[in-house]
Amino acid sequence: MLSAEKIEKNYKLFVTLCNKLGDRSEPINKMIEHLDERLAFSPASSRLAFHAAYPGGFIEHSLNVLRNARKLNDIYEFNIPLDSLIVASLFHDLGKVGDLNEPLYLDQDSDWHREKLGQMYKINENIQKMPNAERGLWLLQHFGVKLTLDEWIAIRTNDGPIAEENRVYAMCEPKLAIIVHQADRMACEQEKDIAKS
């Protein structure tokens, strides 16, 4: 669990990074303003066995992905522009926040599901069913956030080529997609380790 202070600190850092995106900052800020508290308090997953299944988990996870992506970009010497790393990392899981008006995750009201399965949230049945990456891309386009092709593919394929819907990209995905997927996997494992300690 994150403290209220940590959630606020992470949210401010997230917004600060979004304000470093030049012409894209304005539509992104409109999106942030619209999503508001839902963005700040959204979890990154529904189950403890996954990662960051707590209020503020989405933003904490996204910041961890960006931190890892920057390190990997340096290690691999890919020279991917910082703004592309920020956009693809911070918004790779945006669909987990929900749609324009509804959250994806609702508090689990079943003690049994929480205690036996570690399922802290349930899926909102009132939201259009679609893959999270596609919901996130839809939100970005709704608010007029322009993406490069590499950014779009990195967000769309953040679960990597092992996911059935991403196999068409296997071995031909852009370097940014490789970085974001690896950074995402690393962040998930790091967050699981923190939760265990």
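Scroll up a little and you will see the structure.
(A) Quick peek at the overall build of the chain. Helix and strand content of the chain: 8 helices and 2 strands. From first element to last, N terminus to C terminus, the chain shows the α and β order α-α-α-α-β-α-β-α-α-α. Taken against the 2.2 N^0.38 rule, which gives 16 Å for 197 residues, the C-alpha radius of gyration of the chain at 16 Å falls within 12% of a compact globule. On the principal axes, the C-alpha backbone points of the chain span a range of 45 × 35 × 35 Å. Sorting the 197 residues of the chain into buried and exposed places 50% on the buried side. Intrachain contacts of the chain at a sequence separation of at least 6 include 62% that bridge at least 24 residues. Accessible surface, the chain as shown: approximately 10,500 Å² in total, 53% of it carbon and sulfur.

(B) Region of the structure containing the pattern of salt bridges. Evaluated as defined, the whole model comprises 11 salt bridges. Across the pair D83 and R24 runs a salt bridge, and its minimum N-O distance is 3.1 Å. Here R24 lies in the loop between helix 1 (4-18) and helix 2 (25-41) and D83 lies in helix 4 (residues 82-91), a separation of 59 residues in the sequence. With relative accessibility at 30%, the residue D83 sits in the partly exposed group. When its relative accessible area of 12% is taken as the criterion, R24 is described as buried.

(C) Expanded view of the packing of helix 1 against helix 2. Two numbers describe how helix 1 lies on helix 2: the axes approach to 10 Å, and their chain directions differ by 165 degrees. With respect to their mutual orientation, helix 1 and helix 2 come out roughly antiparallel. Considering only the axes of helix 1 and helix 2, their crossing is right-handed. The residues of helix 2 that touch helix 1, namely those facing I7, Y11, F14, V15 and C18, are S25, I28, N29, I32, D36, L39, A40 and F41. Taken together, the residues of the contact of helix 1 with helix 2 sort by class into 10 nonpolar, 2 polar and 1 charged.

Criteria and cut-off values
- For every chain, the first residue of its written sequence is number 1, and the numbers climb from 1 along that sequence.
- Under the rules for a predicted model, residues below a pLDDT of 70 receive no local features and side-chain atom pairs below 80 are neither given nor counted, while totals for whole chains, interfaces and linings still include all residues.
- Computation of side-chain values covers all heavy atoms of the structure but excludes hydrogens and water.
- Comment: elements are numbered from the N terminus, with helices defined as DSSP H or I runs of at least four residues and strands as E runs of at least two.
- When we talk radius of gyration, it's over C-alpha atoms, and the globule rule is simply 2.2 Å times the number of residues to the 0.38.
- Burial classes: relative accessible area under 20% of the type maximum marks a residue as buried, over 50% as exposed, and values in between as partly exposed (1.4 Å probe, protein chains only).
- Throughout, a contact is declared for two residues whenever any of their heavy atoms are within 4.5 Å.
- The accessible surface values rely on the Shrake-Rupley method and a 1.4 Å probe; as for residues, cover is taken only from the protein chains in view.
- Salt bridge, as used here, is a side-chain nitrogen of Lys or Arg placed within 4 Å of a carboxyl oxygen of Asp or Glu.
- The convention used is that axes are lines fitted to C-alpha atoms, helices contributing only their stretch in contact, and that angles between N-to-C directions extend from 0 to 180 degrees.
- In what follows, roughly perpendicular refers to angles from 65 to 115 degrees, roughly parallel to angles under 35, roughly antiparallel to angles over 145, and oblique to any angle outside these ranges.
- Crossing handedness follows the turn of the near helix against the far one: under a right angle anticlockwise gives a left-handed crossing, and clockwise gives a right-handed one.
- Under this grouping Gly is polar, as are all residues other than the nonpolar Ala, Val, Leu, Ile, Met, Phe, Trp, Tyr, Cys and Pro and the charged Asp, Glu, Lys and Arg.

Bear in mind that shape data such as this cannot, by itself, settle questions of function.
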